[in-house]
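# Structure assessment
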Amino acid sequence: MSSAGDERALAHALVSSLARRDGTLLLPVLVPAGAQAPSIHPLTVLLLAQLRQVTLERDAYRDWIPKAPAPLSDEQLRSRAAETASFLARRDSP
């Protein structure tokens, strides 16, 4: 096998393993008939895989960040204030 054939086999194996590992979207690139198709460098595939991983991590982080809590009602604020005042009074008493 030539080195170009080895690179293609490696790139094909890498893309196949990535496609099985997670739902990676693969887009075919159309090349006109009779045109010399450029070989895909394996680093290009790795960079695309890294881009996908970073995108997934970004989305997971955004989902993990807690959303802004709902504002408390007046009744809830009063009860918390009363609990805090009671706690402080008990803590500060001899």
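Note that the coordinates shown come from a computational prediction; the quantities given were computed from them, not determined experimentally.

## Quick look at the overall build of the chain
Across its full length, the chain carries 3 helices and 0 strands. Put simply, the chain runs from its N terminus to its C terminus through helices and strands in the order α-α-α. Within the chain, the fraction of its 94 residues that count as buried is 5%. Here the chain has roughly 8,400 Å² of accessible surface; of this, 63% comes from carbon and sulfur atoms.

## Overview of helix α2 (residues 42-64)
An ideal rise of 1.5 Å per residue puts 33 Å on 23 residues; α2 measures up with 33 Å between its terminal C-alpha atoms. Along α2, the residues that are buried comprise P42, V45 and A49.

## Structural notes on the pattern of salt bridges
According to the stated counting rule, one finds 1 salt bridge in the structure shown. R58 is the partner of D59 in a salt bridge, and the nearest nitrogen-oxygen pair spans 3.1 Å. R58 sits in the partly exposed class, given a relative accessible area of 40%.

## Here we look at the packing of aromatic side chains
The geometry of an aromatic ring pair comes down to the distance between the two centres and the angle between the two planes. Summed over the entire model, instances satisfying the criterion amount to 1 aromatic pair. Where Y61 meets W64, the ring centres are 5.8 Å apart and the plane angle is 35°; that geometry is what we call tilted. With a gap of 3 residues between them, Y61 and W64 both fall in helix α2, about one helical turn apart. A relative accessible area of 48% places Y61 in the partly exposed class. Taking the relative accessible area as the measure of exposure, W64 reaches 64% and is therefore exposed.

## Focus on a nonpolar patch on the surface
A cluster of nonpolar side chains, Y61, W64 and I65, forms an exposed patch at the surface whose accessible area comes to about 370 Å². Along the chain, the position of I65 falls in the loop between α2 and α3 (74-92). Residue classification places I65 among the partly exposed residues on the basis of a relative accessible area of 34%.

## Remarks on the confidence of the model for the chain
Taken over all residues, the pLDDT of the chain has a mean of 77, while the share at 70 or more is 72%. Across the chain, α3 holds the top mean pLDDT of 89, while helix α1 (residues 3-21) sits lowest at 67.

Definitions and limits used
- Residues numbered from 1 in each chain as written.
- Predicted model: local features only at pLDDT ≥ 70, side-chain atom pairs only at ≥ 80, totals over all residues.
- Heavy atoms only, no water.
- Helix = DSSP H or I, 4+ residues; strand = E, 2+ residues; numbered from the N terminus.
- Buried < 20%, exposed > 50% of the residue type's maximum accessible area, 1.4 Å probe, protein only.
- Areas by Shrake-Rupley, 256 points an atom, 1.4 Å probe, with all protein chains shown as cover.
- Expected span 1.5 Å × (residues − 1).
- Salt bridge = Lys/Arg side-chain N within 4 Å of Asp/Glu carboxyl O.
- Phe/Tyr/Trp six-rings, centres within 6.5 Å; stacked < 30°, edge-to-face > 60°.
- Patch = residues over 30% accessible without salt bridge, like charges linked within 9 Å, V, L, I, M, F, W, Y side chains within 5 Å.
- pLDDT = per-residue confidence, 0-100.

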